[in-house]
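Structure at a glance
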There are 2 protein chains.
Amino acid sequence: MFKTTMNVDALFLGPKSENREFFKEMVDYAVDEHIHWRADFHPEDAPLLSPMDQHQPDFRNTLYRTEGILRQLSSKLKTTSVPWFSPRYLGHMNADTLMVSNIAYVMTMLYNPNNCAHEASPTTTELELEAGRDLCAMFGYDVQKSWGHITSGGTVANYEGVWVARNLKSLPLAIAQHEKAKDLVAGMSEKQLLNMSPTAILDLSDELKKRELFEEVRALTVRGVGVKQGQLGKFLVPMSKHYSWMKAMDVMGIGQEHIVPLPVDENYRTDVETMRAITFKLIEEGTPILGMVAVVGTTEEGSIDHVDEVIKLRRECEEKYGVSFYVHVDAAYGGYVRSMFLDENSKFMEYDALIARYRAEDIIPEGVTWPKRAVYEGFKAMSEADSITVDPHKAGFIQYAAGAVCMKDKRIVDLISYHAAYVFEEADDAGEEQNVVLGSSIMEGSKAGATAAAVWAAHRLVPLNVSGYGKVIGRGIVTADWFAQKLSMAKPIVVGNRRFELRPLMHPDFHMVNFTFKEIGNPSLEDHNRLNQRMYEVCSYSSGRTYSNDFLTSSTSLAFDEYGDTPWIYAESRGFSRREWDKTQSVYILRAAVMTHFLRDPQGFEDYWTNLRAIFAEKLGHIIDMEAKEANQLKAA
Amino acid sequence: MFKTTMNVDALFLGPKSENREFFKEMVDYAVDEHIHWRADFHPEDAPLLSPMDQHQPDFRNTLYRTEGILRQLSSKLKTTSVPWFSPRYLGHMNADTLMVSNIAYVMTMLYNPNNCAHEASPTTTELELEAGRDLCAMFGYDVQKSWGHITSGGTVANYEGVWVARNLKSLPLAIAQHEKAKDLVAGMSEKQLLNMSPTAILDLSDELKKRELFEEVRALTVRGVGVKQGQLGKFLVPMSKHYSWMKAMDVMGIGQEHIVPLPVDENYRTDVETMRAITFKLIEEGTPILGMVAVVGTTEEGSIDHVDEVIKLRRECEEKYGVSFYVHVDAAYGGYVRSMFLDENSKFMEYDALIARYRAEDIIPEGVTWPKRAVYEGFKAMSEADSITVDPHKAGFIQYAAGAVCMKDKRIVDLISYHAAYVFEEADDAGEEQNVVLGSSIMEGSKAGATAAAVWAAHRLVPLNVSGYGKVIGRGIVTADWFAQKLSMAKPIVVGNRRFELRPLMHPDFHMVNFTFKEIGNPSLEDHNRLNQRMYEVCSYSSGRTYSNDFLTSSTSLAFDEYGDTPWIYAESRGFSRREWDKTQSVYILRAAVMTHFLRDPQGFEDYWTNLRAIFAEKLGHIIDMEAKEANQLKAA
């Protein structure tokens, strides 16, 4: 029933606050319910405040001061906030957020549960566990065997991935050091101990638990004794990496020099051949691989790594060399996009059936080539990763701050947890979740139960499959495709006697479109970069009041330091010489995550595009004027 | 002016929602302002949704479904949430939260700023920096030279303290390894390099920056090369430690075995003599001290460590042995209590002047002995700690999740940051905060700007001094004192022919009161513990619906494993034999953080106490019945 009735436009407050009546009614409901809950708690207790008290001058003045501070805050927010909700904003991974999550947050915040411990959050700890199971199911994990929970964001989720990978990697060595356990790894060399597969290590941990040696041996892992510089090997991360990976290596005491960056291909995905060559070389040198990261939705380009190739490579290494490693997928940005591929039973659909369904339900119309086969295979293989980072506050359309991490095999949690090792099994029995102390199984401690409620409510209203999030995210994907097509074919924008050509960096893997302006006839890459930086400046907060701006976007610089020669591919396609690239070594781009669901109507999009071209022309004119003024000032000085 | 007008009762919604009208009005204001902000953004844009669209069945059904989910959530929350707001709840560090912070959160959440980067949160990044400065000023730090920011909680704040301490500790060794820098530490032995004072190391970092070698040398610290097992020495943490310290040693790759636990005295504060002896012994053995933690508000007892003695000890070690170490204060729970000691200019008041002021303004009345001299000196010395954890969501009366960390010398941030080293100096110039990317200077990445707004708004309404937070926190301190006095002198509660005596664990250092019931004539410590555990069970969620309970509290077990023989002091005072203690090795206690501001009226408190005794008698009767039933069942079986 529901499948046919969810209306995407009814999920959001809307760019003109179109759903304001409903929104206000629900906020009222949330507040009223809480107010009466308080009032009804032990009605026999006399009120401690009388109307008389409340009308004394100091009481009134305190309320007036409160109101004054809130007015001041409102004024500040209205002056400089970024209008994520508007189709005029295409920049960071931000858009309007789900009404149900906003209101669930408000409602729950009033009760102020703390998901650190079940005792302080009997309802919301359960909602967090349920939301975690939802995410695990979305990634194709066995819900009975996996484990997911909410974090304050993707950075902490990535830390947690490294944390479990690191402690797991050091377990076999710890076993070999324990008198009563070392027979479990008898005959294995240190090299072999450092190259076991995650599953094999977890099976060993079961043995340790049976022998009641788990805690003792765990104390001999890195957790107990600390990192031994360099021992655990290398951590392979795509060059497109978010800086949180550099932070993770620092925080975890592993050291940044143990990151091996993997070059990216022309689509800003990890280059498969180079990844394989680097991996084999490390193995042949005898260097252990602590872990490998695949990115599903790179921060700067929205690219989807070939997760399937990473999984295939691991299998190959296991078969050929007896060497395995941990695989983490950083899907902070792209994780929820996996819902695009799932049917109502969370089954990953066959490619042809998927396309048929897209067409039948007008989710992806004719003329939009999505998903590319590589993207499809990349998403499909996520179910084989050991852990996955995903941010509900990105493509989950939930307000900040809500990240999450999922682990394929929940036994791994015991490597980092501070509770007795049996709690999880107990929690499997219905109603036995009272024992759950999230704070002792995760990095963080106290945390808002309201966040869990917001994510849980979103998942109830918008299922994590093609008929739920698929419909929401699909709109952005289609619009992004149209946008990229327009950019590819756009006639130059003429301003006076100068002509500017727009082109996309590449066709997007899902909904991020990067593009640049280039003045026709100007061979200088430096000028190109300056022009685009100025465009960013006039299309963002950096040049003044956000609110009056006609179009807002974000930007980034693709530099040799991070990407090697990959940006040269684009520079060349725009007609810059190799010499220009060697001299400048970076390409400044505009960056638009097309998440809005409001441009999905073909005619509406045409109008939007026409308007956008006019805005671009005006902004280019403005930049030309500015530059002329600057030149004059320079001359005058 | 304001000093005389703040009314504490006007800050909270109240136990009967007494301030409901104001609260609702402000929520309405927040929502309306946002709604119109959206509607007024480019009024020329045609609405993308029409009333017709909004009245189609699928649209209406989606709204109905949204409402249904929110009703379901409300029902769940009402069934099991804990009534923190009520004086009937004395347990965890929870109470009613400030209206201004609740509403500031709601207001800001609608704009959804992300404090990871200034660009995504032009307003709220500035509010976060301002709130950080407020906290630094509260701790007596020089606001120009220090740095504070919001974290998701105290656990992450503690991690950050260890993170900077660890990287700082490894800098001198890194300098010695760099060809162009090693002259800065010429002639120093490895031992000397590992024992420098934080300030001396930061002065060296200035030299590195002048030589433009900072980044290169930083890459040779732990950050770049990883932890070398055991090299950086020991981390001294009180036995009263929160388990986040064990997690921190694991996460940071240092290893838990490098924690040296410091025994506590009869007040559950770090025992000064033993701390000194342990420190000197380590130094004489040649073991470096990575850092020492003092706790301001232990999680289980609310005790205040002798921070002054820690600072004094460090000075002594520097003078006597040329050995220094990092000092972190974990004031997650007690940090805001420092406002009790500050005048309107954030000056820490002289003891006598303070007491005079307390009496004059009826903040601490005659008959309440607060602060003890040791507590006063402990709080005073916080200004000399290198970093401090503090949780606005505990004694700051702000909803979850809001932690914070402050660093005395902001140069230290460069040891962990991912921006060029000059950004902070730039940000000092007025209006130059645009460059601030919080995400690159802290552990976390994306984070809700709404949290910053909530903390900022609280600080504006309730200043961090005696006339602001002092008034709010003072109420709990006074009530806690009265409660402890009542417990100390309470006549036995008689149930049938059995008599139960109540006593507090000790006199509280601020507002946490621990206590137990003991049946008179029963010499079994095991029975005592079982009785108190049952009391907890009937005074908490664990035995059913929270909402109908007459009194709610929390509990903990003080065990030999963690506390050594310290709990024996209490057991002995209750008449248990040493043999009982040796056999049982733990004391189960009830634990009440008295944060409510509603019991500060002497007559009201008398009534409350009378009522509470009756509730205790009833609950004891209930437990006796339960036990009799169990005994019968056992007999029957």
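As a reminder, the structure under discussion sits directly above these lines.
The structure reproduced in this document is the subject of the present report. (Residues numbered from 1 in each chain as written. Chains lettered and ligands numbered in written order. Predicted model: local features only at pLDDT ≥ 70, side-chain atom pairs only at ≥ 80, totals over all residues. Heavy atoms only, no water.)

So, the overall build of chain A
Helix and strand counts for chain A come out as 24 helices and twelve strands. In terms of overall size, chain A behaves like a compact globule, its C-alpha atoms giving a radius of gyration of 27 Å where 637 residues would be expected to give roughly 26 Å. In terms of principal-axis extent, the alpha carbons of chain A reach across some 85 × 80 × 60 Å. By the burial criterion, 67% of the 637 residues in chain A qualify as buried. Sequence separation of 24 or more characterises 77% of the internal contacts of chain A that already satisfy a separation of 6 or more. (Helix = DSSP H or I, 4+ residues; strand = E, 2+ residues; numbered from the N terminus. Rg over C-alpha atoms; globule rule 2.2 N^0.38 Å. Buried < 20%, exposed > 50% of the residue type's maximum accessible area, 1.4 Å probe, protein only. Contact = heavy atoms within 4.5 Å.)

Notes on the packing of helix α3 (residues 57-80) of chain A against helix α5 (residues 99-111) of chain B
In a pair of packed helices, the angle between the axes and the distance between the axes together describe the arrangement. It is at 10 Å that the axes of α3 of chain A and α5 of chain B come closest, and there the two elements cross at 15°. The pairing of α3 of chain A with α5 of chain B is recorded here as roughly parallel in orientation. The handedness of the crossing between α3 of chain A and α5 of chain B is right-handed. In this structure, α3 of chain A uses Leu 63, Thr 66, Ile 69, Leu 70, Leu 73, Ser 74, Leu 77 and Lys 78 of chain A to contact α5 of chain B, whose residues at the interface are Met 99, Val 100, Ile 103, Ala 104, Met 107, Thr 108 and Tyr 111 of chain B. In terms of residue class, the contact of α3 of chain A with α5 of chain B is made up of eleven nonpolar, three polar and one charged. (Axes fitted to C-alpha atoms, helices over the stretch in contact; angles between N-to-C directions. Parallel < 35°, antiparallel > 145°, perpendicular 65-115°, else oblique. Left-handed = near helix turned anticlockwise from the far one by under 90°. Nonpolar A, V, L, I, M, F, W, Y, C, P; charged D, E, K, R; others polar.)

With respect to the packing of aromatic side chains
A complete count under the given rule lists 51 aromatic pairs over all chains for this structure. The structure contains a cluster of three or more aromatic residues connected by ring pairs, namely Phe 341, Phe 348, Tyr 351, Tyr 358, Trp 370, Tyr 376 and Phe 379 of chain A. Its guanidinium or amino end placed over the ring of Tyr 351 of chain A, Arg 373 of chain A lies 4.2 Å from that ring's centre, counting from NZ or CZ. The aromatic ring of Phe 280 of chain B is capped on one face by Lys 320 of chain B, whose charged end is 4.8 Å from the ring centroid. (Phe/Tyr/Trp six-rings, centres within 6.5 Å; stacked < 30°, edge-to-face > 60°. Lys NZ or Arg CZ within 6 Å of the ring centre and 35° of its normal.)

A few points about the pairing of strand β4 (residues 289-295) of chain B
Residue and element names in this part refer to chain B. Across the seven residues that make up β4, a large majority, seven, are buried. Two elements, strand β2 (residues 234-238) and β4, share three bridges in a ladder whose sense is parallel. The residue of β4 that forms the bridge with Leu 236 is Met 292. The pairing of β4 with strand β5 (residues 326-331) spans five bridges and is parallel. Note on β5: the bridge partner recorded for Ala 294 is Val 329. On the question of chirality, the crossover connecting β4 to the parallel β5 by way of helix α15 (residues 307-321) is right-handed. (Pairing = 2+ DSSP bridges. Right-handed = clockwise from strand over helix to strand, strands pointing away.)

A word on the pairing of strand β12 (residues 586-593) of chain A
Residue and element names in this part refer to chain A. In terms of burial, β12 is largely enclosed, as eight of its eight residues are buried. With burial as the criterion, each face of β12 is covered, one bearing Ser 586, Tyr 588, Leu 590 and Ala 592 and the other bearing Val 587, Ile 589, Arg 591 and Ala 593. Relative to β12, strand β10 (residues 512-519) runs antiparallel, the two being bridged by four bridges. Residue pairing for β12: Phe 515 is matched across the bridge by Leu 590.

Digging into a negative patch on the surface
The grouping of Glu 21, Glu 25 and Asp 28 of chain A together with Glu 21, Glu 25 and Asp 28 of chain B at the surface amounts to a negative patch. Checked against the element boundaries, Glu 21 of chain A lands in helix α1 (residues 20-40). (Patch = residues over 30% accessible without salt bridge, like charges linked within 9 Å, V, L, I, M, F, W, Y side chains within 5 Å. Areas by Shrake-Rupley, 256 points an atom, 1.4 Å probe, with all protein chains shown as cover. Salt bridge = Lys/Arg side-chain N within 4 Å of Asp/Glu carboxyl O. Lys, Arg positive; Asp, Glu negative; His and termini not counted. Charge placed at Lys NZ, Arg CZ, Asp CG, Glu CD.)

A few points about the pattern of salt bridges
On inspection of all chains with the given rule, the structure shows 86 salt bridges over all chains. Between Arg 411 of chain A and Asp 409 of chain A there is a salt bridge, with the nearest N and O atoms lying 2.8 Å from each other. Of the charged contacts, one joins Arg 503 of chain B and Glu 501 of chain B as a salt bridge, the two residues approaching to 3.4 Å between their closest N and O atoms. Accessibility expressed as a relative area gives 23% for Glu 501 of chain B, which makes it partly exposed.

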